[in-house]
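Per-entry structural report
Each chain, letter by letter, is given below.
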Amino acid sequence: LSRALQVQASMVLFAATARVARQGACSLSLARVAVPLVQKRTFIASADDYGTHLFKGAVADAYLAKQGLPAGLLDDPSWTKTSADKVAAAVMEWANAKGASVFTHWFQPLGASGVRHGMTGQVHNAMFVFGNDGKPTFSLSGKELLKGETDGSSYPSGGMRATHTAGGYTVLDPTSPIFCRGDTVYIPSVFVSFYGDALDEKTPLLRAMQAISKEGTRLLKNLGYECGSVFPNIGLEQEFFLVPRKEYYRRPDLQFTGRTILGKSAPRGQEMCDHYMGPLNPIAAACIAEIQHECFMMGIPLKTRHREVAPNQYECAPFFGTATTQIDQNLMVMQVMDEVAARHGLACLLQEKPFTGVNGSGKHNNFSLGTDTGVNLLNPASIHKKSGKAEIFPILMSAIVRAVDEYSDLMRMAIASPGNDFRLGACEAPPAIVSTYLGDDITKYLQAFKESKTAVEYVPAHATCELGVDAIAPFQTPAEDRNRTSPFPYGGHRFEFRAVGSSQNVSMVNTVLCTIFADSFAQMSDAIEKGAKPIDVAAEALDKHWKVIFNGNNYSDEWPVEAEKRGLLRLDSGVEAMSKLAEPKNIALFERMKVLSEKEAKARTVVMYDHYTGSVEMEALTMVDMINQHIIPSVKNAELPDSMVSDLEKSVSAIKAGLAEVHHASDEKAKALKARVLRLETMEEARTVCDKIEEVVPADLWSLSTYKELLFLDSHQGAE
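Let me begin by describing the structure that accompanies this report. None of these values were measured; they are calculated from a predicted model.

Regarding its fold elements, the chain presents 24 helices and 22 strands. Relative to its length of 720 residues, the chain is compact, with a C-alpha radius of gyration of 27 Å against a globular reference of 27 Å. Principal-axis analysis of the C-alpha atoms places the extent of the chain at approximately 85 × 80 × 75 Å. When the 720 residues of the chain are sorted by exposure, 55% land in the buried category. Sequence separation of 24 or more characterises 74% of the internal contacts of the chain that already satisfy a separation of 6 or more. Within the structure as shown, the chain displays about 30300 Å² of accessible surface, and the carbon and sulfur contribution to it stands at 53%. Side-chain charges of the chain comprise 73 positive and 85 negative groups, with the mean position of each set lying 2 Å from the other.

Structure (structure tokens):
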């Protein structure tokens, strides 16, 4: 069978159950065979399959050569100015060979996280024109490849677009490769207004990456090491849940909001630590393998898969790559997860906290800085070997420490997704206090550096561990243990922003990191170019901002007290964190680095408020429906006391009153603040009422899927 037929056939899911009677047995047993009707290909059927649906490298070069274009042309973005028509012809021929006849400019509208399928915008256009004879002919021009147009007023814009000023333009991003899926060619693009204002997540990221390259190369030159560019490399650890789809259909809250807004915990949760890195459930494993295979074909290298801490929770992680490409790929990974899960009778939940009482999901954003000379600037051995200069690494680290302290409010803003309301600080994600963990070894190194103002090469300490088993050779352990409680720990060659939410588009996260680091590099260069000694500048930065380094337990009760004494910012409210984007000092930063204008920053703040308020409104209305249409009827059918119905009706009235307050608030921020109270107070009180009632309603009269039915695929596998 062709791959197309295999994919089509794989959508027919599983064989049915069989009843087997054994001689002498007094009961029948049920068996469910979790085998597709057509055998699918494994995750990696052949290494030659990798990236065949990605227009890059050798795949692209073969088609470019037919147009008389040199190999490696796409590595230089200037092709958009010199060779667009020929590249478009090559793309069209490649697409046709892959069975694709449609193209789309694929962009990232604002306010999409957690609500928009795939979190992208796209208009599909067929690649044909009509000839004089009235017959269609395949065609894709350079003009069509480079730019498209759509209605900018129908996407969240924070007031930058209106119905009578609706122009929005999609422009190809040459830094992220074109790929195809099914019959469609996807062209990664930016999305801007008639006036060039950014209406998307990607444009500011590209500007921030340009800023960090400019200021990174400038600082390195001032330190005696020259390179052509500096760029962020990231790796994204994507966590998610896979739950039975038939139970998902019995939960309006999961369908509409991505999380359970009510539901009592099952008698069993994660307390035995028995799920973490356990064997993959066979049904989930088949689903994840197909996800990995689809991604592999599109050049998305999902290397790792494993169970996470909570029941039915999993993680997939790719190799590192440049920030723009990794983010584009992560968005497609989330879409593929959602769609493939349905083919396996599962639902993929990407929301940060779909279930109470067990861990939620994050998307750890591992961040490093590379150069065109092949150096990882956060790897001390790499930069020292290439430059021969011991002072570069501690100076760069001092700049990063300064940035984390000066702009902790922006880092907190970048993770202020609606789902993180229930996740941050809940012993599964770092608290809403931004600090950085460096580890005792490197902290002592930087301490000596700032006090002596003398640089020596940093050589991480290693220990040898012997197990007392002759058959197992001694092995080395790194200088530092892992600190998973820190929001921004250093891990030997990268920083890991652990507080990022699983449903987020991480463009803003990496826009902030690139911008604040670029600004800190610029401050150092300014001082050095005025005659200051680089080590003196770095030592001063460390002295001033040392308070943001914390190597202890961020989950402890003592840390918030200690953080307050140090003068560190604590922002528990995601809504208040959102407001930091539009603060004057931060607008000045973004304008100084040419990343966001004041207009764009304020518009994004409005979009975040509206996104939060809209998310809460959907949750509140869904909760009202669930109480009225499910829980009250269950109570009545169970002939439970009338007081329970009365309590539920009071809860509905309170939710409706809270919604009215939201609707009548004076502006977007006021609405969001009211929505936060509605969500975290009024609705939580209503949930308590509902969950207590669930405890006493007979199971056969409870019409909603329970946590038991949703979370334990292992023990329910085989049930009809």
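In this section: the nonpolar core. The tendency in soluble globular proteins is for nonpolar side chains to be buried side by side. Counting 121 residues, the largest nonpolar core has Phe 517 and Ile 631 as the members making the most contacts within it. Counting residues in each nonpolar core, the second largest holds 31 residues, with Phe 179, Tyr 186, Met 334 and Leu 713 among its members.

On to the pattern of salt bridges, then. Counted by the stated rule, this structure contains 32 salt bridges. Lys 453 is paired through a salt bridge with Asp 536; the nearest N and O atoms lie 3.8 Å apart. One end of the pair, Lys 453, is in the loop between α14 (440–452) and β19 (463–465); the other, Asp 536, is in helix α16 (residues 534–545), and 83 residues separate them in sequence. Looking at Asp 536, the relative accessible area reads 30%, which means it is partly exposed. Notably, a salt bridge pairs Lys 669 with Glu 576, separated by 3.4 Å at the nearest N-O pair. In this pair, Lys 669 sits in helix α22 (residues 668–696) while Glu 576 sits in helix α18 (residues 574–579), placing the two residues 93 residues apart along the sequence.

Scanning all chains against the criterion turns up seven cavities of 30 Å³ or more. Of the pockets and cavities examined, the largest cavity occupies roughly 310 Å³. Lining the largest cavity are 19 residues, and of these Ser 113, Glu 201, Gln 504, Met 608 and His 611 sit closest to its centre. Those elements that place two or more of their residues in the lining of the largest cavity are α13 (408–414) and α20 (598–637). Looking at the lining of the largest cavity, the element that brings in the most residues is α20, giving five residues. Empty space within the second largest cavity amounts to approximately 130 Å³. When contributions to the lining of the second largest cavity are tallied by element, the ones reaching two or more residues are α8 (252–257) and α20. No other element matches the four residues that α20 contributes to the lining of the second largest cavity.

Here is what the cut-offs are and how they apply
- Residues numbered from 1 in each chain as written.
- Predicted model: local features only at pLDDT ≥ 70, side-chain atom pairs only at ≥ 80, totals over all residues.
- Heavy atoms only, no water.
- Helix = DSSP H or I, 4+ residues; strand = E, 2+ residues; numbered from the N terminus.
- Rg over C-alpha atoms; globule rule 2.2 N^0.38 Å.
- Buried < 20%, exposed > 50% of the residue type's maximum accessible area, 1.4 Å probe, protein only.
- Contact = heavy atoms within 4.5 Å.
- Areas by Shrake-Rupley, 256 points an atom, 1.4 Å probe, with all protein chains shown as cover.
- Lys, Arg positive; Asp, Glu negative; His and termini not counted.
- Charge placed at Lys NZ, Arg CZ, Asp CG, Glu CD.
- Core = buried A, V, L, I, M, F, W, Y, C linked by side-chain atoms within 4.5 Å.
- Salt bridge = Lys/Arg side-chain N within 4 Å of Asp/Glu carboxyl O.
- 1 Å grid on protein atoms, 1.4 Å probe; cavity = no way out; pocket = protein on both sides within 12 Å on 5 of 7 lines; lining within 4 Å.
- Points joined across faces, edges and corners; volume = space filled by probe spheres on them.

Everything listed here is a matter of geometry and, on its own, says nothing about what the molecule does.
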